[in-house]
Amino acid sequence: MAGLTLDPTRCVRALAKFSECTKCVEICPVDIISVDNHLPSFNMSQCVGCGGCGSVCPTESFTLDDFNPTNFFFDFVQNEDTLISCKKNVPCIASLSVEHLTSLAILKEGLVCDTGHCDGCEIAAKLKPQIDANIEEANFILEAIESDKSIEVRDIAYVNEEVLVENDRRGFFKNISVKSAAKAKHDFDRKVEVQSDEELRHEVFTEDIAKLKQKILPDKRKIFFTALKRTPKPSQYHIIEAQELSFTSMKNVDKDSCTMCQMCYRICPTAALTSDMKNSKIEFDPFLCVKCHLCHDVCEPDSISLAETFDLKQLFEPEVKSLVTFTVRRCHECDNYFTYKGGDVICQRCTLEEEEAKELWGLE
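These numbers were taken from a predicted model, which means no experiment stands behind them.

Trainee: Explain the overall build of the protein residue by residue, including any values.
Mentor: The secondary structure content of the protein amounts to 14 helices and 17 strands. Each of the 364 residues in the protein was classed as buried or not, and the buried ones make up 45%. Here the analysis covers contacts within the protein between residues at least 6 apart in sequence; of these, 74% occur between residues at least 24 apart.

Rendered as structure tokens:
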């Protein structure tokens, strides 16, 4: 059993009920995560603590009590160790995203991932393919940016020689004497909560609106950006097929079908999509994109599409791209800016209000 927590305000499904993201559901090796009322729910007592859900979540909405990939990253780069193993320092290699692995390879010499325990692991059926895919993608990126680093995969089957102290009930209460009373109480309550067989459902309340509006870049992207700053720029920036990258993208917008409803950039969790004060354009920063697909899910006319290629220059010299621009005018009725497509200089809202008023007056 592991202490798994979901921050619903960070989940892209909370930003729009039209979100089709099910990455956490698909990766869970024990099938305890499901979508309930648009948000993920799970039985914590059955969680094995692999960390796979947190790794694939584009916005890092899942966390484990006893493992934080950001903390692991900084601890790992500061010591001389180069081996990553589920029996040594991570709950599972699947708990590390492509960005984590690529960043570690850039900053460490001779990074090795130990897959020696995967063959006999009961949760490897789903996680091993993800581990292989993540390492393959990380090595592809390293090669594409002309790095001399790479990730080696070896079946070492590392075994910890140290004596392990079983974290049983007696051991838990024994440790209370050396902890503060407040922390001991918190640990005890959390232990009871984790053991509960109840389905943990999540909701977003009115008081969470401020959190939903925050544009937060995940730690794994910040780590990736920091690592790239410490690697030499390639002799040339290669253009690769967009499908080779699982964590970012380039986008196109069809101006003819786009209604400039503003929905895509308003709900973008990282501000990869933005506009100006007049809402006269849609701009896109691919380095901030986490490929959550939310903008596509909420676009009713299906005007947003993924580009077929990705310019690796965006990883080293991020540049905001203008996807589409519109002519804007001030509405003669409400004086607000709106996208003008000819005819009367009246915004859509005022036009609808006028039509509703005429219907009430019996003029139509």
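Still to come is the rest of the account.
Trainee: Tell me about the pattern of salt bridges, and name the residues and values.
Mentor: Under the counting rule described, the total for this entry stands at 11 salt bridges. Between Glu152 and Arg154 there is a salt bridge whose closest N-O contact spans 3.8 Å. For Arg154, a relative accessible area of 41% puts it in the partly exposed group. With a closest N to O distance of 3.7 Å, Asp335 and Arg330 form a salt bridge. Classification of Arg330 by relative accessible area gives partly exposed; the value is 39%.

Trainee: Go over the sheet that holds strand β6 (residues 112-114) with me, naming the residues and quoting the values.
Mentor: What the three strands build is an open sheet, ordered β5-β6-β7; its pairing is parallel. Since the sheet does not close on itself, it has two edges, and those belong to β5 (83-84) and β7 (152-154), each with one partner. In terms of strand pairing, β5 meets β6 through two bridges, oriented parallel. Bridge pairing in β6 places Ile84 opposite Cys113.

Trainee: Before we move on, can you summarise the packing of helix α4 (residues 69-78) against helix α5 (residues 98-107) with the specific residues and values?
Mentor: Taken N-terminus to C-terminus, the directions of α4 and α5 make an angle of 10 degrees; their axes are 11 Å apart at the nearest point. If you check the angle between α4 and α5, you find them roughly parallel. Contacts between α4 and α5 involve Pro69, Phe72, Phe73, Phe76 and Val77 on the former and, on the latter, His100, Ser103, Leu104 and Leu107. In the contact of α4 with α5, the residues fall into seven nonpolar, two polar and no charged.

Trainee: Please provide a residue-by-residue account of the state of the cysteines, values included.
Mentor: Between two cysteines, a covalent bond joining their sulfur atoms is known as a disulfide. Taken as a whole, this structure holds zero disulfides when the rule is applied. Left unpaired, Cys47 is separated from the closest cysteine sulfur, that of Cys53, by 6.4 Å. Using a relative accessible area of 9% as the deciding quantity, one classes Cys47 as buried.

What counts, and where the lines are drawn
- Residues numbered from 1 in each chain as written.
- Predicted model: local features only at pLDDT ≥ 70, side-chain atom pairs only at ≥ 80, totals over all residues.
- Heavy atoms only, no water.
- Helix = DSSP H or I, 4+ residues; strand = E, 2+ residues; numbered from the N terminus.
- Buried < 20%, exposed > 50% of the residue type's maximum accessible area, 1.4 Å probe, protein only.
- Contact = heavy atoms within 4.5 Å.
- Salt bridge = Lys/Arg side-chain N within 4 Å of Asp/Glu carboxyl O.
- Pairing = 2+ DSSP bridges.
- Axes fitted to C-alpha atoms, helices over the stretch in contact; angles between N-to-C directions.
- Parallel < 35°, antiparallel > 145°, perpendicular 65-115°, else oblique.
- Nonpolar A, V, L, I, M, F, W, Y, C, P; charged D, E, K, R; others polar.
- Disulfide = S-S within 2.5 Å.

Nothing here speaks to function; it is all geometry.
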